[in-house]
Amino acid sequence: MANPYEATPPQAPRRRSNGGLAGFLTVALIVGGIYGASRYLGHDDGKPSASASASASPSAKPSDPGSPESSSDTSSSWKVGDCGGPDPDNKPDGYRPQSCSASGATFKAMDIKDASIIPGSIQCPPGTDLMIEVSISYGSSKKGGIPTNTVCGRNLSNDHPGDPGAGGGQLVKGDCVTDQAQEVACASGGSGTYKVLGLVKQKSECPSGTSEPMELTMAVGRPYDVICADG
């Protein structure tokens, strides 16, 4: 049995030169690791490099109306009445804010909506020619990022495909569709086109005059499931 009163002999002291070297190497490795991590995460001198990107969807109607396509921008701060235009540094579908009097301005913001990851859940007001999804990304890349807002834009020119019946933008009352529920311009739709009288959740909610209620495949986020049409 060990003697509990027996004193433990002191350990031999370490050589100071080795301890100093080990401490220096440890500090150097930690500092180097922090610097490498900051460079990998897109930091420079301890400050994050952030850029904003916005997504714009042109006047052409997407397969699921109301879903902005991708594009990019230089500012995440948009408000109603702001103007914007193509971003030459982020072709082919990049957009950025511009003065409404600038030669490069092509649209004006009609409304600002919260961003959504659910396709079709964002509904811009009638007359919207394009939808711009604004997102924030970190680092030098303008692609991708975290969506923050959606800008509902209207062209500054006289070309307004988002107007009711014009054949573009989101589907609204007054538009025309084929028997396959595809939007077409009312003026050039020809025979076999139907006028949209309403967009509702159930057929029983269609207004009077509806002769062709078109039940759509269920889509998460879309505010309607039936197109009330009249041929």
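Scope of this entry: the structure provided in the associated data block. Not measured: the values here are computed from a predicted model.

### Some words on the sheet that holds strand β13 (residues 226–230)
Strands pair in a sheet through their backbones, by hydrogen bonds, and they do so in one of two ways: parallel or antiparallel.
And then number 1: Read from one edge of the open sheet, 5 strands run β10-β9-β11-β13-β12, paired in antiparallel fashion. Of all strands in the sheet, those bounded by a partner on one side alone are β10 (183–184) and β12 (212–215).
And then number 2: Where β12 and β13 come together, 4 bridges link them in antiparallel fashion. Its bridge partner lying in β13, Pro213 is registered against Cys228.

### A word on the state of the cysteines
Throughout this description, disulfide means a covalent bond between two cysteine sulfur atoms.
And then number 1: Taken as a whole and judged by the stated rule, the model has 4 disulfides.
And then number 2: Between the sulfur atoms of Cys83 and its disulfide mate Cys100 the distance is 1.9 Å. Taking the torsion about the sulfur-sulfur bond, which here is approximately 90 degrees, the covalent link between Cys83 and Cys100 counts as right-handed. Highlighted residues: Cys83 in strand β4 (residues 83–86) and Cys100 in the loop between β5 (95–98) and β6 (107–114), separated in sequence by 17 residues.
And then number 3: For Cys100, a relative accessible area of 40% translates into the label partly exposed.
And then number 4: There is a disulfide in this structure between Cys206 and Cys228, and the S-S distance comes to 2.0 Å. Between Cys206 and Cys228, the S-S dihedral sits near -85 degrees, and the bridge is therefore left-handed. Placement of Cys206 in the loop between β11 (194–200) and β12 and of Cys228 in strand β13 is noted, with a sequence separation of 22 residues between them.
And then number 5: The class for Cys206 is buried, based on a relative accessible area of 15%.

### Here we look at the pattern of salt bridges
And then number 1: In this structure the tally under the stated criterion is 6 salt bridges.
And then number 2: A salt bridge links Asp111 to Lys113; the shortest N-O distance between them is 3.3 Å.
And then number 3: With relative accessibility at 27%, the residue Lys113 sits in the partly exposed group.
And then number 4: Here Lys203 and Glu215 are joined by a salt bridge, their closest N and O atoms 4.0 Å apart. Of this pair, Lys203 sits in the loop between β11 and β12 while Glu215 sits in strand β12, placing them 12 residues apart in sequence.
And then number 5: Taking relative accessible area as the criterion, Glu215 reaches 58% and is therefore assigned exposed.
And then number 6: One network of salt bridges, in which partners are shared, links Lys201, Arg222 and Asp225.

Cut-offs used in this document
- Residues numbered from 1 in each chain as written.
- Predicted model: local features only at pLDDT ≥ 70, side-chain atom pairs only at ≥ 80, totals over all residues.
- Heavy atoms only, no water.
- Pairing = 2+ DSSP bridges.
- Helix = DSSP H or I, 4+ residues; strand = E, 2+ residues; numbered from the N terminus.
- Disulfide = S-S within 2.5 Å.
- Buried < 20%, exposed > 50% of the residue type's maximum accessible area, 1.4 Å probe, protein only.
- Salt bridge = Lys/Arg side-chain N within 4 Å of Asp/Glu carboxyl O.

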